[in-house]
Protein chains: 2
Amino acid sequence: MWTKCHRFNGLLTVLPRWDKPLLYRYYGRQTVSSLFIPMMRTSDQSASASVSRKTILENAGLLKQSRPGLYYILPVALRAMYKLIKVVDEEMTRIGGSKLGTPCLIPADLWQSSGRWDTLGAEMFKLKDRHNRHYCLGPTHEESISELVGTYLNSKNMMPLRLYQIDRKFRDEIRPRLGLRRAREFWMKDMYSFDIDKEASLNSYEIICEAYVRIFNRLGLNVVKVVADSGAMGGDTSHEFHLIADDGEDEILICDQCHKAMNMETLKSGDVMAECNLCEGKQNKNIQKYRGVEIGHAFYLGTKYSKAASVTYTDENNCKVYVEMGSYGIGVTRLLDAALEVQSTCNKIRWPSVITPYNICIVPLGSPKDNSSQQLLQLAQQLYDKLAVGKLQNEVVIDDRIYLSKTVGPGTRLRQATLLGYPYLIILGKQALQKQGYIELEDQLNGSKQNIHIDNIVDHIQQVYEKRDICTL
Amino acid sequence: MWTKCHRFNGLLTVLPRWDKPLLYRYYGRQTVSSLFIPMMRTSDQSASASVSRKTILENAGLLKQSRPGLYYILPVALRAMYKLIKVVDEEMTRIGGSKLGTPCLIPADLWQSSGRWDTLGAEMFKLKDRHNRHYCLGPTHEESISELVGTYLNSKNMMPLRLYQIDRKFRDEIRPRLGLRRAREFWMKDMYSFDIDKEASLNSYEIICEAYVRIFNRLGLNVVKVVADSGAMGGDTSHEFHLIADDGEDEILICDQCHKAMNMETLKSGDVMAECNLCEGKQNKNIQKYRGVEIGHAFYLGTKYSKAASVTYTDENNCKVYVEMGSYGIGVTRLLDAALEVQSTCNKIRWPSVITPYNICIVPLGSPKDNSSQQLLQLAQQLYDKLAVGKLQNEVVIDDRIYLSKTVGPGTRLRQATLLGYPYLIILGKQALQKQGYIELEDQLNGSKQNIHIDNIVDHIQQVYEKRDICTL
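Numbering of residues starts from 1 in each chain and follows the order in which that chain's sequence is written. The lettering of chains begins at A and the numbering of ligands begins at 1, in the order of writing. With pLDDT at 70 or above as the cut-off, local features in this predicted model cover only qualifying residues; side-chain atom pairs require 80 or more to be listed or tallied, and sums for whole chains, interfaces and linings still use all residues. Water and hydrogen atoms were dropped before computing side-chain values, which therefore reflect all heavy atoms in the structure.

## Quick word on the overall build of chain A
So, step 1. Helix numbering and strand numbering both begin at the N terminus, where a helix is a DSSP run of H or I of at least 4 residues and a strand a DSSP run of E of at least 2. Assigned secondary structure in chain A consists of 11 helices and 21 strands.
So, step 2. When the 473 residues of chain A are sorted by exposure, 61% land in the buried category. When a residue's accessible area, from a 1.4 Å probe over protein chains only, is under 20% of the maximum for its type it is buried; when over 50% it is exposed; and in between it is partly exposed.

Laid out in structure tokens, this is it:
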């Protein structure tokens, strides 16, 4: 029963002993039966196209609300989130970003010295520890990062410094709504830049905004960078990134002439549609209104937080100089939610191609009564082993639930695979077992179906993925 | 200044305009200058071998305490942590584990219905939201997961179900100490198994414990599985996994005869050394005492939590049956901390080879005054581009701080590279530029140094890494 660990070298065969059909589950390949994807049955789903986004994601087994604003992120959606994080990491590394982790529990004195303990008010979750010391659950980390960097910064050579984290944040929303979009616990990527002067800081600002644009482009999203208001954050330059979506909470104006955009909130003139504030004062009637979901925000902060936390360096004249800071956020869970919503329908989730949770699903049809189903499952396993190499190593999954045909028949399995939006479905019917075996390949991105000979399918898919930008875990 | 995003296709050159030497930083390669590794200077470090582990990790720029029990995890250590998480993910996927995310904020009623709201008492961080509803910050998630699974479970075919997460946990330790080992905010991997009966549940127990052993083996750690006490968790079978370490907080007894181990706490007999409880009652004097750090724990829970949350399925006789649960934890940050501690000295961090943050550091020597230093940096970049492919793509880093030679001379850079424990150091001196250019390759795992011809070094390293088990991000 219990043993010194070194005895267990190598792989152990881990087959459950108690239920024969479940033998399928554990052979080291990824299978639908071992994934937790609690989909609602067709009968539970509204067929209406007006079904809300939250319902789509809950019906597909991606999300589950625990309490208002608090969500379980279920396995398939979590995989997409980790891929999204990887895309962000790649782009941040490229601009010299260094990733770290800060505690969620932030001591009150830090926020008191910046003056934000009171200004954020009821939006913050506040609590006490057993020694009666006060904390908040971090909604953002300007104060923490300034404290950290201030401890170490001693030379201007350490700058430009671009520190970021991708982690949970907390905000006690008065009315949490719209699923992950306005949640009380959510994931955010927050970056902070430290530079020697304003010019350098604005240069960092540009570089980071450009990296944000690359992220949104890789996700294939229609995102607009708009002039924004700095609000309680401080500083005098600020931009938001908005995903254009019909049910966005913000109103965005885009000028046809200068191709620039602004948030309705920032408008000074009352007569919105009469002029573009950004076209050098020219009269312009061609301003379009859109609705947007804010998924990113950039702030040039100046020295507000570096003064509060004494983040300084010594210049040539032996003077202490406060460093200039910027703050940059991307709402990771909000982005995931909004990106899914704008492209999905109630019958089908459409993932941004680069962050699709799994790229290929192999669906052997048949049922336990059927003699050929065991052969089809074996064929599926052979195909899996050929496909799941290199870039696609962790990207293939087999729907092995043949033994469940009473509750999950072939039709249901196909419908579920369509709903989950795997880019490729490989469907194995009986003709796959014949000598001139053909297999049905469904490309869900462009909707095409074709019969391919079993010997050609692996090459076909690998060629496609050689060029395709995908994130793998 | 601000533009519609689709304009920015492709890569942008992102060179800071204001300081020429810093041009080195941004060429898409990973460099030490852009990483935030705030090392203490030699003069600040105690040369004594008795320097504490926490000090070692803080001196090396891996960790920084924010408040007692709350830590910043700095970039190099964070990378190791993510690799550790990847190792755990791989082994969990192999046994059919499905990863999800639960909220940190857990509503009080869940813990009240299991009866643990009061039993954990002051160890839990508790708080209220703006609507005066009570929550705790999750120290563990039996209640949450039961609630989630109970919503969906309707057939025994959904089991065995093995759900896990790797995330932050909170515990209001009365005396946080020993760095990440006993922190108030820490990362834990927690898995929960759901099975149809006790036999199946104990089978899951075995399978998951075996996976844990594989994880510890891959990390090369001397971990022992010991009989433990279930405590407040419930259930009647429980084991701990202990890393043998001189400064461990627990006392472990290992019997030379049966090779089994137990925690001192579980001993019934007063005379510890006289008998092994597990050798079928035989007298045995050969019991060795060790100190251990608890890094994992497995509990067979029975139906305690499934009863509280009504997690049932309907059997053949149309009866509701409570499912059997198990709970399995690995302290991720504690494991990282303990693994580093047992192998490191005050002059050198020794990482478990599979989770080394970066595998290769290229150190061009020289200084800005030196004409050859620019050439050495170029050579380093060429080597980088050849090495950083395939498995090693994100595993190479260049110490490009040649321009900082006043503050960080070649000697300091070599000392820092040694301290950080890169498995391979490639040191480029002037002789590397000569026609018969030789390069110094230092293998820090076995301590050997050799001069290798510049044309052979890439093959040499790639051959080593073909066989080596490493995690890449």
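## Comments concerning the sheet that holds strand 4 (residues 105-107) of chain B
All names here are of chain B.
So, step 1. Taken together, the three strands give an open sheet; going across it, the order is 4-6-5, and neighbouring strands pair in antiparallel fashion. Looking at the sheet topology across the chains shown, the edges are occupied by strand 4 and strand 5 (126-128). The average angle at which neighbouring strand axes cross in this sheet is 40°, direction not considered.
So, step 2. Note: two strands are recorded as paired if DSSP finds a minimum of 2 bridges between them. The sheet contact formed by strand 5 and strand 6 (residues 134-137) spans three bridges and is antiparallel. Counted as the bridge partner of Lys126 is Cys136 from strand 6. The angle between two axes is taken between their N-to-C directions and runs from 0 to 180 degrees, where each axis is a line fitted to C-alpha atoms and a helix contributes only its stretch in contact.

## Here we look at the sheet that holds strand 18 (residues 396-398) of chain A
All names here are of chain A.
So, step 1. Pairing is mixed across the open sheet formed by five strands, whose spatial order is 18-17-19-20-21. In the strand order of this sheet, the two ends are held by strand 18 and strand 21 (448-453), each with one partner. Sheet twist, expressed as the average angle between the axes of neighbouring strands with direction ignored, equals 20°.
So, step 2. Across three bridges, the pairing between strand 17 (residues 360-364) and strand 18 is parallel. Bridged to Ile360 within strand 18 is Val396.

## So, the pattern of salt bridges
If charged atoms from side chains of opposite charge come close, those side chains can pair.
So, step 1. Salt-bridge detection follows one rule: a side-chain nitrogen of Lys or Arg within 4 Å of a carboxyl oxygen of Asp or Glu. As enumerated under the stated definition, the model contains 59 salt bridges over all chains in all.
So, step 2. A:Asp469 is the partner of A:Arg218 in a salt bridge, and the nearest nitrogen-oxygen pair spans 3.0 Å. You can see A:Arg218 sitting in helix 6 (residues 198-218) and its partner A:Asp469 sitting in the segment after helix 11 (457-467), a full 251 residues away along the chain.
So, step 3. Judged by relative accessible area, which is 35%, A:Asp469 ranks as partly exposed.
So, step 4. Salt-bridge contacts for B:Arg182 lead to B:Glu173; the nearest nitrogen and oxygen are separated by 3.3 Å.
So, step 5. In this structure B:Glu173 comes out as buried when scored by relative accessible area, which is 9%.
So, step 6. One network of salt bridges, with partners in common, ties together A:Glu90, A:Glu91, A:Arg94, A:Arg214, A:Arg218 and A:Asp469.

## Points about the relation of the copies chain B and chain A
So, step 1. Copies are brought into register by a least-squares superposition over C-alpha atoms of residues with pLDDT of at least 70 in both. Superposing chain B onto chain A requires a rotation of 180° together with a translation of 0.0 Å along the rotation axis, leaving an RMSD of 0.0 Å. Taken together, the rotation and translation relating the two chain copies correspond to the operation of a two-fold axis. Within chain B, B:Leu127 has its C-alpha nearest the rotation axis, a separation of 2.7 Å.
So, step 2. Every residue pair with non-hydrogen atoms within 4.5 Å of one another is taken to be in contact. The overlap is high: 100% of the interface residues of chain B also sit at the interface in chain A, so the same surface is used on both sides.

## Comments concerning the packing of helix 2 (residues 75-94) of chain B against helix 8 (residues 332-343) of chain B
Residue and element names in this part refer to chain B.
So, step 1. Running from N to C, helix 2 and helix 8 cross one another at 115°; their axes reach a closest spacing of 10 Å. In this structure, the crossing between helix 2 and helix 8 has a hand that is right-handed. Touching Ala77, Ala80, Met81, Leu84 and Ile85 of helix 2 are Val332, Thr333, Leu335 and Leu336, all from helix 8.
So, step 2. Three classes are used: nonpolar for Ala, Val, Leu, Ile, Met, Phe, Trp, Tyr, Cys and Pro, charged for Asp, Glu, Lys and Arg, and polar for all others, with Gly counted as polar. Classifying every residue of the contact of helix 2 with helix 8 by side-chain character gives eight nonpolar, one polar and no charged. Less than a right angle of anticlockwise turn of the near helix away from the far helix marks a crossing as left-handed, whereas a clockwise turn marks it as right-handed.

## With respect to helix 11 (residues 457-467) of chain B
Residues and elements named next belong to chain B.
So, step 1. Every buried residue of helix 11 is listed here: Ile457, Val458, Ile461 and Tyr465. Buried residues along helix 11 cover an arc of 95° about the axis, so they all sit on one side. For helix 11, the exposed residues lying more than 90 degrees away from the buried face are Gln463, Glu466 and Lys467. The directions considered for the arc are those from the helix axis to the C-beta atoms.

## Here we look at the interface of chain B and chain A
The figure often quoted for interface size is the accessible area lost as the parts come together.
So, step 1. Of the residues lining the interface, 115 residues belong to chain B; the matching set on chain A comes to 116 residues.
So, step 2. In this structure, the connection of chain B to chain A is made through nine salt bridges.
So, step 3. B:Arg67 is paired through a salt bridge with A:Asp109; the nearest N and O atoms lie 2.7 Å apart.
So, step 4. Within 3.5 Å is the distance limit for a polar contact, defined as a pair of N or O atoms, with the added protein rule that one can donate a hydrogen and the other accept it, and that residues adjacent in sequence qualify only through two side-chain atoms. At the surface where chain B touches chain A, the tally comes to 28 residue pairs in polar contact (both at pLDDT 80 or more).
So, step 5. Among the elements that make up the side of chain B that touches chain A, the one with the highest residue count is helix 6 (residues 198-218) of chain B (eight residues).

## Description of the pairing of strand 13 (residues 287-302) of chain A
All names here are of chain A.
So, step 1. As paired strands, strand 10 (residues 237-244) and strand 13 are joined by eight bridges and run antiparallel to one another. Bridging from a neighbouring strand, Thr237 pairs with Tyr300 of strand 13.
So, step 2. Examined bridge by bridge, strand 11 (residues 250-255) and strand 13 share six bridges and lie antiparallel to one another. Its bridge partner being in strand 13, Glu251 is matched across the sheet by Arg291.
So, step 3. In this structure, strand 13 lies alongside strand 16 (residues 324-331), joined through six bridges in antiparallel fashion.

## Looking at the packing of helix 9 (residues 372-387) of chain A against helix 11 of chain A
Residues and elements named next belong to chain A.
So, step 1. Between helix 9 and helix 11, the least distance of the axes is 10 Å, while the angle of their chain directions is 35°. Along this stretch, helix 9 crosses helix 11, giving a crossing that reads as right-handed. Residues Leu383, Lys386 and Leu387 of helix 9 lie in contact with helix 11, whose contacting residues are Ile457, Val458, Ile461 and Gln462.
So, step 2. Taken together, the residues of the contact of helix 9 with helix 11 break down into five nonpolar, one polar and one charged.

## Some words on the pairing of strand 10 (residues 237-244) of chain B
Residue and element names in this part refer to chain B.
So, step 1. Burial analysis of strand 10 places seven of its eight residues in the buried class, the great majority of the element.
So, step 2. Note: strand 9 (residues 223-227) against strand 10, five bridges, orientation antiparallel. Pairing of Val223 across the sheet is with Leu243, part of strand 10.

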